[in-house]
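Tertiary structure, described
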Amino acid sequence: RELAARYAPSLVVAGGDPSHAGGIELLKGRGTQNGHATAYVCRGYVCDQPMSDPAGLARQLAAISRPAARP
């Protein structure tokens, strides 16, 4: 629901059962945590901490929605 509630034109979403990831490179090595659905928010080849908590995921998504700070 957190993902669906946000507009992010450059967002890529891949999902599924990690044990059936098969040839999906994006999902390799990214399993669930403690048996809960887990989101991985990544930018520029670096991922934030894996998140199973909806409120934590909302914070991560809000952070990528903000414009970058100017030097």
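Residues numbered from 1 in each chain as written. Predicted model: local features only at pLDDT ≥ 70, side-chain atom pairs only at ≥ 80, totals over all residues. Heavy atoms only, no water.

1. Observations concerning the layout of surface pockets
Convention followed: Both cavities and pockets are sets of points on a 1 Å grid over the protein atoms alone; in a cavity a 1.4 Å probe fits but cannot get out, in a pocket the set is open with protein on both sides within 12 Å along at least five of seven lines, and lining residues sit with an atom within 4 Å of a point. Grid points are joined across faces, edges and corners, and a volume is the space filled by probe spheres set on the points. Helix numbers and strand numbers start at the N terminus; a helix is a DSSP run of H or I with at least 4 residues, a strand a run of E with at least 2. The nonpolar class holds Ala, Val, Leu, Ile, Met, Phe, Trp, Tyr, Cys and Pro. Asp, Glu, Lys and Arg form the charged class, and all remaining residues, Gly among them, are polar.
Taken as a whole, the largest pocket holds about 1,000 Å³ of empty space. Every residue lining the largest pocket is counted, 38 residues in all, and those nearest its centre are Val12, Ala14, Ala39, Tyr40 and Val41. Elements with a contribution of two residues or more to the lining of the largest pocket: strand E1 (42-43), strand E2 (46-47) and helix H1 (54-65). Taken together, the residues of the lining of the largest pocket sort by class into 23 nonpolar, 9 polar and 6 charged.

2. What about the packing of aromatic side chains?
Put simply, the rule reads: Aromatic rings from Phe, Tyr and Trp, with only the six-membered ring used for Trp, were paired whenever their centres fell within 6.5 Å, and each pair was classed as stacked if the ring planes differed by under 30 degrees, edge-to-face if by over 60, and tilted otherwise. Only lysine NZ and arginine CZ atoms are considered, and such an atom sits over a ring when it is within 6 Å of the ring centre and within 35 degrees of the ring normal.
Tallied over the full model, the rule gives 0 aromatic pairs. The ring of tyrosine 40 carries arginine 30 above its face, with NZ or CZ at 5.9 Å from the centroid.

3. Concerning the side chain of glutamine 60
Quick note on the threshold: Only heavy atoms matter for contacts: two residues are in contact if any of them lie within 4.5 Å across the pair.
With respect to the element layout, glutamine 60 can be found in helix H1. The contacts of glutamine 60, once residues within four sequence positions are left out, are Val41, Asp48, Gln49 and Met51.

4. Examining the confidence of the model for the chain
It should be kept in mind that the predicted coordinates are not to be read in detail where pLDDT is low. Selection rule: Along the chain, pLDDT gives the predictor's confidence residue by residue, from 0 to 100.
Of all residues in the chain, 82% have pLDDT values of 70 or greater, and the mean over the chain is 79. When mean pLDDT is compared element by element in the chain, H1 scores highest at 86, while E1 scores lowest at 82.

5. Remarks on the environment of alanine 37
Topologically, alanine 37 is positioned in the segment before E1. For the pair alanine 37 and aspartate 17, spaced 20 residues apart in sequence, the C-alpha separation works out to 9.1 Å. Sequence-distant contacts of alanine 37, that is, excluding residues within four places in its chain, are made with Met51 and Ser52.

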